[in-house]
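# Descriptive analysis of the structure
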Number of protein chains: 2
Amino acid sequence: MPNERYLAGTLREQHVKQTVNLKGWVQKRRDLGGLIFVDLRDRSGLVQIVFNPTISETALATAEKIRSEFVIEVTGEVVNRDKSTMNPKMETGNIEVVVEEITIINQAKNPPFQIQDDSDVAEDLRLKYRYLDLRREPMQETFKLRHKATQSIRSFLNAEEYLEMETPMLTKSTPEGARDYLVPSRVHPGHFYALPQSPQLFKQLLMVSGFERYFQFARCFRDEDLRADRQPEFTQIDIETSFMTSDDIMAMTERMMKKVMKDVKGLDIETPFKRMGYDEALERYGSDKPDTRFGMELVSVSEIVENSGFKVFSGAVSNGGKVSAINVKGEATNFSRKDIDHLTDFVKIYGAKGLAWLKMEQNELKGPISKFLSDQEVEALKSTLQVEEGDLLLFVADKTSVVYDSLGALRTNLGKKLQLIDESIFNFLWVTDWPLLEYDEELGRYFAAHHPFTMPATEDIDKLTSNPGEVKAQAYDLVLNGYELGGGSLRIYQREMQNKMFEVLGFTEEDAQEQFGFLLEALEYGAPPHGGIALGFDRFIMLLAGKTNLRDTILFPKTASASCLLTEAPGGVSTNQLDELHLAHKEKK
Amino acid sequence: MPNERYLAGTLREQHVKQTVNLKGWVQKRRDLGGLIFVDLRDRSGLVQIVFNPTISETALATAEKIRSEFVIEVTGEVVNRDKSTMNPKMETGNIEVVVEEITIINQAKNPPFQIQDDSDVAEDLRLKYRYLDLRREPMQETFKLRHKATQSIRSFLNAEEYLEMETPMLTKSTPEGARDYLVPSRVHPGHFYALPQSPQLFKQLLMVSGFERYFQFARCFRDEDLRADRQPEFTQIDIETSFMTSDDIMAMTERMMKKVMKDVKGLDIETPFKRMGYDEALERYGSDKPDTRFGMELVSVSEIVENSGFKVFSGAVSNGGKVSAINVKGEATNFSRKDIDHLTDFVKIYGAKGLAWLKMEQNELKGPISKFLSDQEVEALKSTLQVEEGDLLLFVADKTSVVYDSLGALRTNLGKKLQLIDESIFNFLWVTDWPLLEYDEELGRYFAAHHPFTMPATEDIDKLTSNPGEVKAQAYDLVLNGYELGGGSLRIYQREMQNKMFEVLGFTEEDAQEQFGFLLEALEYGAPPHGGIALGFDRFIMLLAGKTNLRDTILFPKTASASCLLTEAPGGVSTNQLDELHLAHKEKK
C-alpha cells in the first residue's frame, strides 16, 4: 500500500477518482446485498468504505472478519455515492471509498459500551474504560476545544509580552488556606513537601525578580472533600504583572477573553465587562457569582415590613436580619401549594426556616400571610416588586446571609426550571470591592477572604486594626454565567503592610516568620507593586464546551473520593517504600 | 505623572525631546559634579537617568535618598548625550533621560550580593535569595530564551496538528523504573498516589483513545540521589503519535529542532541528523551519547594485541574483554609522566585498572610498555591508529564496558582540556538500535533498557525467549553535543507481545495484572500502532543558553539534597496533618 495516508473525515468530492490510503477504527459495519459497508473513523472524522466482491474478493473476505473498533488499513478509490445513498448528516456523506486492499492492524474485543455520541452509560464504567470513552466524538471535540483555547490564550499572552514560566511542584506546606497534599521526603526524615494550591508566592517572587509579566498554565492541588465541580488537581491560567492597576489587569483579562471567545467560539463579546460591587451582587442576586443572563432579582422589602403584623417578617428585621423577595413573573397559576412546598424544602437546604408567598390574582395579593399585612404594606410591596396580575412572590425572612444564600439559590433553580436562561449567551461580569477579611465565629479570628497577600483598599487601611471586618480588598472576581471563573487582586508589596496583615490574621511574629519569612524578606529588597489573576481553566472549558460536568473536561479525572477508576490510584505501596520515607501506617482512632 | 509608561531599554535617539515615564529599579547611582546619574533597570534593560538641580531641585533631593535596587518612578525628557559621554556598550547609550519628577515606590535593603552580570557568589546564597539572583541579566535572558523555545516548539506542534493535553500528576506507583515520589491519600488510608516519572502510560492510552497526536510540556518527578545535572522535578517535551514509523517520528523531531534552533538561536541546522547504531557509538566514542564535535575516536586494537607479550593486553582479550586506544594528536611532548599519572587516576574512577601509553618520538613508539610489543604489533598499531610524529597513544585493556566507560570519559575530558571542541556548533545525533533489555547480575534478571513498553525489533522477536540479551529495540535517542536530549521508541500495541515482555522481565501474570492490568486491557480494544519521544527540556535550554549548570535553567531549583534554600522546603508538618493521613514517623533503623 504505497500511498500517503489520507484522513477519513477530510475526503470530499474533489478526491473522487483518487486512490487513497486510510488508517483508523471500525465505527460500524453493515452487510448489505453481498457488500460490506464500514464507517471508518480516525481523528478527523468518519468516511464510509465499501467492500465489493467485483473489486476484490480477498478484501471482502477479510472485511467479513472485522468488527467494531478493529484497527484497519485500507487502500481504495474515492467514488461519488448515488444520490439515493448520500448522507447529508456526514461531512463526507457524498462520497465513499471502494476498498481494493485491507489489512487488519489490530483486533478489538467487544467494547463494554458503544462508541457513540450520546452515552447513557454509568459514569463509573466510562471512567474505568476512559480510553474508550474518550473515543466518543463529543469527548474528542472537547479536548480539541481545550487545545484551541490553550493555544489562543498562550498566543495572546505571548503577544502582550508575558513570559511563560514554570514554578515548582514540590513546595512548602503552609497551614493557611485549604488542605495540602503532602509528599514525604526520603532525604529529610520527618519532612514533607506540599503540592502547590497555586503558584501564588512564587509568582509574587517572580515579580520581585523583575520579570514584570508572568503566566503559566499551572497545575494546582487541594486535598479537600470533592463536590461535582471540584477535582483534587486542576489547571489554572495563572498571571502576574508588575506596575499595573486593577483596571489594567481587568482590561488585559478582557482582551484575552475577547480573543479566546473569538478563536474558540467565533463570538464577538462585548468589552469592557460589566462590573458590580460584592455588596450589590449579594443584594440583587443573593450570590457573589451572579448569573446575570436573566432577571428575577432579589428585592429587599425589609423597610416595608419592619413593623409588620407578620412577626416572621418584622422579627427578622428587628433581629438584625432582613426580608427579601423575588417576583416569579406570571407563574402564580403554575405553582400549586404542593409545588411551593417543594420550593420551601429547597430553601431549607440553605438554612432558611421557611418560604412565604403571595400570588397576584384578580388584582389582589393572596396567600396565607396576606391577612397579616396592612393595606399600606401590600401597596408598597406591589409597587416595589412591580407586581402584575399572575405574578408569584416568594419571600425569605432570616439572617442576612441565609436570605442571600437561600433566595439566591432559589432564583438560580427557578431560572433554570422556567427556562429563563438563554444558553447561547456568555455573560462575563466583574465582581469587585470584596471584603478583605472574613470572621470565623468558631475559631474567633479573621481569615483572609482571598489570601493573606491581598492589598487592602487604600481608603480602608486605617480600619485594618480598628474595624477589620469593614476593610475592602483591591480584589476582583471574574464571573461567567453564574460560575466563578477566577479572581485576582493587587498584592501587598511592602513588608510593614504584610506584617500588619499577618497581625490582623492572628499570627505571632514567629509564626509569620516561620511560614512566610522568605516572602517578608523579599518585600524588603525592592518589591514592585504587583498583582494578577488566576482563572480556573477546567471550568472555563466546561462552560465553553457547554458541559455541566467538570470531569468531562479533564482527560483522566478522579471520582468524588479522589480515585482514578482506570489506574486504581491511589494504591498500596511496599513496606520498603514506606521505610525509605521513615513512615509507618497508623490506624485511625 | 500623566504619561504612558515607557520601557527603559527601548529608548533610542528617536525618542529625543519626548517626555517619558519610567518605572523600575536602581541599578547603580553615581554622584558627579552636583549631578546624580542613575542606571534605571526594567524588564527591557537599562537607561541612564540624570538628576540636575537646574531642572528640579526637588527631584535631586529625592534622588539623594535612593540606593541600589530601590523601585522608582520618574518622568523626564529624553536628550542626546554629549559625544564624550556616550556609552556604546549600552543599547541606550546615546541618550539619557533628564528627570523632572521622581517618586520612590519602594525601598530596598542593601542586597546580599551585587545584581550584576558576572557573579562569583556562592550558589547557596544565590539560591537563598533566588529572587535577587533572577534579577541578573544572564538569568533574565535564560528565562526569556526558555519562553521563546517553549513558544517555538508549541507553535510547531500545533501546526503539525498535535493536541496539547494534560495528564494527571496524582497517579499510581509502579515499582518498575526509578523511585517514585509518593503522596499519601487522606481518603484511602494506607494508599498512596505517585507523582509521574513521565506520562508514558497515559500518553499511550491517549493513542488507544484515537487522538493520534499528543504533546505536553510534562512535569516529571524522580526521587533519586541527585547529580549536578539532575533535579527531582524536571520538564520534558512529551510527544506521542499513532500510525507513524520510527523514521516518521525522527523526521518530525528534526523539523521541530530545525525550527527551534532558527527561532531561538537564529541558526540553520542541517537535517536529517546523522544516525549511529548503539554498538558503533560505544566502539567509536565509548559512549551511548557521543560528543561528535571532535574526533579522537576510540580504536579497537584487540586483534593486534590479542597474542601480545604484554599480558595486560592479551589477558584482557582472552578474558573476553578488549583493548582500545585513543590517539591524542601531537600532544606527546605536552604530557609529562605526572600528567599521565593524573589521567590514570581519572580512568580509575571508571573502573579501569590502569592506563597504558606510548609516544611517537623520532618515528618510534616509546613508553614503558613498548618493550613488550613485537615489531609487527608496533607497526600494526601505527597504521591502525594513524600515528604521526608527536602523537600520544592512550590504551585501556579491561572488560569491554570498563574500556568504553573509562576511555570514553577520558576522550571527553581531553577534548575539553585540549580545546578540541568548537563551542558554537550544535551537533545533533540519533543513536539507534538500542538493546531492548539489560541484564542485572545482582538481581539475576533482565530489566528494560528504556521501559517495558518498547517494541522489540521485528527481526529479533523470535529471540525474546531464547536470547533476550541480543534483542534490539525500536528505539532512538537524540544526542546533542554529548548530552542525551531524550529518546523515544515505538511501543508494543498488542497484548500478547506485552504479556511476553513482562514474562521476559520476570513478572508473574498476577504481578503484570496488578501493576499494568489497565494497559494490558486497553491493548485489547483496538490499540493503534504508536510511538513517540520525550526530550529533556531543562537540559535542552541549558545547552541552548550555553550553560553548564542545570539549576541555571530552572527558576526555583532544588539543591543536591533536594531542598529549596529559598522556601526551606521540605519542611515539618503538624501531627494533625499526619494523623489525617493515617501516618506516623518511624525512626530510621
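The shown structure was predicted, so the numbers you read here are calculated from the model rather than taken from an experiment.

## Side note on the overall build of chain A
- Scanning chain A from terminus to terminus reveals 17 helices and 24 strands.
- The principal-axis extent of the C-alpha atoms belonging to chain A is close to 90 × 75 × 55 Å.
- Here the analysis covers contacts within chain A between residues at least 6 apart in sequence; of these, 67% occur between residues at least 24 apart.
- The positive charge centre, built from 71 side chains, and the negative charge centre, built from 92, are 5 Å apart in chain A.

## Considering the relation of the copies chain A and chain B
- At an RMSD of 0.1 Å, chain A and chain B line up after a rotation of 180 degrees and a shift of 0.0 Å along the axis. Each copy turns onto its partner about a two-fold axis.
- The overlap is high: 100% of the interface residues of chain A also sit at the interface in chain B, so the same surface is used on both sides.

## Regarding the pattern of salt bridges
- Per the counting criterion, the structure on display carries 90 salt bridges over all chains.
- For the salt bridge of Asp133(B) with Arg136(B), the shortest nitrogen-to-oxygen distance reads 2.9 Å. The exposure classification of Asp133(B) matches that of Arg136(B), with both residues buried.
- Taken together, the shared-partner salt bridges connect Arg146(A), Arg219(A), Glu233(A), Asp538(A), Lys558(A) and Glu166(B) into one network.

## Here we look at the interface of chain A and chain B
- Across the boundary between the two partners, chain A contributes 120 residues, which contact 120 residues of chain B.
- At the boundary of chain A with chain B, total buried surface from both sides reaches about 10,800 Å², with 57% on carbon and sulfur atoms.
- Contact with chain B buries surface across chain A, with Arg43(A), Glu166(A) and Tyr525(A) losing the most and accounting together for 8% of the total.
- Between chain A and chain B we count 22 salt bridges in total.

## Concerning the domain arrangement of chain A
- Per the domain assignment, the segments making up chain A are domain 1 (5-106) and domain 2 (294-421).
- Placing a centre on the C-alpha atoms of domain 1 of chain A and another on those of domain 2 of chain A gives a separation of 62 Å.

## Thoughts on the UniProt feature "binding site: ATP" (unreviewed entry) in chain A
- Mapped onto this numbering, the UniProt entry gives "binding site: ATP" (unreviewed entry) at Arg222(A), Asp223(A), Glu224(A), Gln231(A), Glu484(A), Gly536(A), Phe537(A), Asp538(A) and Arg539(A).
- Considering the arrangement of structural elements, one finds Asp223(A) in the loop between strand 10 (213-221) and strand 11 (233-242).
- Residues within four places of Asp223(A) in sequence aside, it is in contact with Arg179(A), Asp180(A), Tyr181(A), Arg186(B) and Leu581(B).
- Each residue touching Glu484(A), except ones within four places of it in the same chain, is listed here: Lys289(A), Asp477(A), Leu478(A) and Arg539(A).

## Concerning the pairing of strand 19 (residues 437-440) of chain A
Residues and elements named next belong to chain A.
- Where strand 19 lies against strand 20 (residues 445-448), four bridges are found, and the strand directions are antiparallel. Within the sheet, the bridge partner assigned to Tyr439 lies in strand 20 and is Tyr446.
- In this structure, the hairpin formed by strand 19 and strand 20 is closed by a connection of four residues, where Gly444 is found at a positive phi of approximately 65 degrees.

## Describing the sheet that holds strand 15 (residues 356-361) of chain A
Residue and element names in this part refer to chain A.
- Ordered by their spatial adjacency, five strands build an open sheet running 13-14-17-15-16, and the pairing between neighbours is antiparallel. Looking along the sheet, the strands with just one partner apiece sit at the ends: strand 13 (299-300) and strand 16 (364-366).
- Bridge count for strand 14 (residues 322-328) against strand 17 (residues 392-398) is seven bridges, and the pairing is antiparallel. Residue pairing across strands places Ser324 opposite Val396, the latter belonging to strand 17.

## Considerations on the confidence of the model for chain A
- Chain-level pLDDT for chain A is 95 on average; 99% of the residues reach the 70-or-more range.
- The ipTM value of the predicted complex is 0.95, and its pTM value is 0.95.

## Digging into unusual backbone geometry
- The omega torsion across Thr271(A) and Pro272(A) is -5 degrees, close enough to zero to call that bond cis.
- Checked against the element boundaries, Pro272(A) lands in the loop between helix 6 (246-265) and strand 12 (274-277).
- You will see that Ala562(A), though not glycine, has its phi angle at about 60 degrees, which is positive.
- Its location among the elements puts Ala562(A) in the loop between helix 16 (537-544) and helix 17 (575-580).
- Non-glycine residue Gln362(B) carries a positive phi angle of around 50 degrees.
- Within the secondary structure, Gln362(B) is located in the loop between strand 15 (356-361) and strand 16 (364-366).

## Looking at helix 6 (residues 246-265) of chain B
- The terminal C-alpha atoms of helix 6 of chain B lie 27 Å apart, and with 20 residues this matches the ideal 28 Å at 1.5 Å per residue to within 8%.
- Taken together, the buried positions of helix 6 of chain B are Ser246(B), Ile249(B), Met250(B), Met252(B), Thr253(B), Glu254(B), Met256(B), Met257(B), Val260(B), Met261(B) and Val264(B).

## Regarding the state of the cysteines
- Applying the stated criterion to the full structure yields zero disulfides over all chains.
- For the unlinked cysteine Cys220(A), the closest cysteine sulfur is that of Cys564(B), found at 17 Å.
- For Cys220(A), a relative accessible area of 0% corresponds to the buried category.

## Regarding the sheet that holds strand 14 (residues 322-328) of chain B
Residues and elements named next belong to chain B.
- The strand order across the open sheet formed by five strands is 13-14-17-15-16, and the pairing between neighbours is antiparallel. Edge strands, defined here as strands with exactly one partner in the open sheet, are strand 13 (299-300) and strand 16.
- As paired elements, strand 15 and strand 16 share three bridges and run antiparallel to each other. Pairing of Glu361 across the sheet is with Glu364, part of strand 16.
- Against the sheet, helix 11 (residues 375-384) contacts strand 13, strand 15, strand 16 and strand 17 (392-398), and its axis sits at roughly 100 degrees relative to strand 16.
- Sheet strands in contact with helix 12 (residues 400-417) are strand 14 and strand 17, and its direction is about 10 degrees off that of strand 14.

Rules and cut-offs
- Residues numbered from 1 in each chain as written.
- Chains lettered and ligands numbered in written order.
- Predicted model: local features only at pLDDT ≥ 70, side-chain atom pairs only at ≥ 80, totals over all residues.
- Heavy atoms only, no water.
- Helix = DSSP H or I, 4+ residues; strand = E, 2+ residues; numbered from the N terminus.
- Contact = heavy atoms within 4.5 Å.
- Lys, Arg positive; Asp, Glu negative; His and termini not counted.
- Charge placed at Lys NZ, Arg CZ, Asp CG, Glu CD.
- Least-squares fit on C-alpha atoms with pLDDT ≥ 70 in both.
- Salt bridge = Lys/Arg side-chain N within 4 Å of Asp/Glu carboxyl O.
- Buried < 20%, exposed > 50% of the residue type's maximum accessible area, 1.4 Å probe, protein only.
- Buried area = accessible area lost by both parts, 1.4 Å probe.
- Domains from an automatic or database assignment.
- UniProt positions renumbered as here; feature names shortened; annotations may be inferred.
- Pairing = 2+ DSSP bridges.
- pLDDT = per-residue confidence, 0-100.
- Expected span 1.5 Å × (residues − 1).
- Disulfide = S-S within 2.5 Å.
- Axes fitted to C-alpha atoms, helices over the stretch in contact; angles between N-to-C directions.

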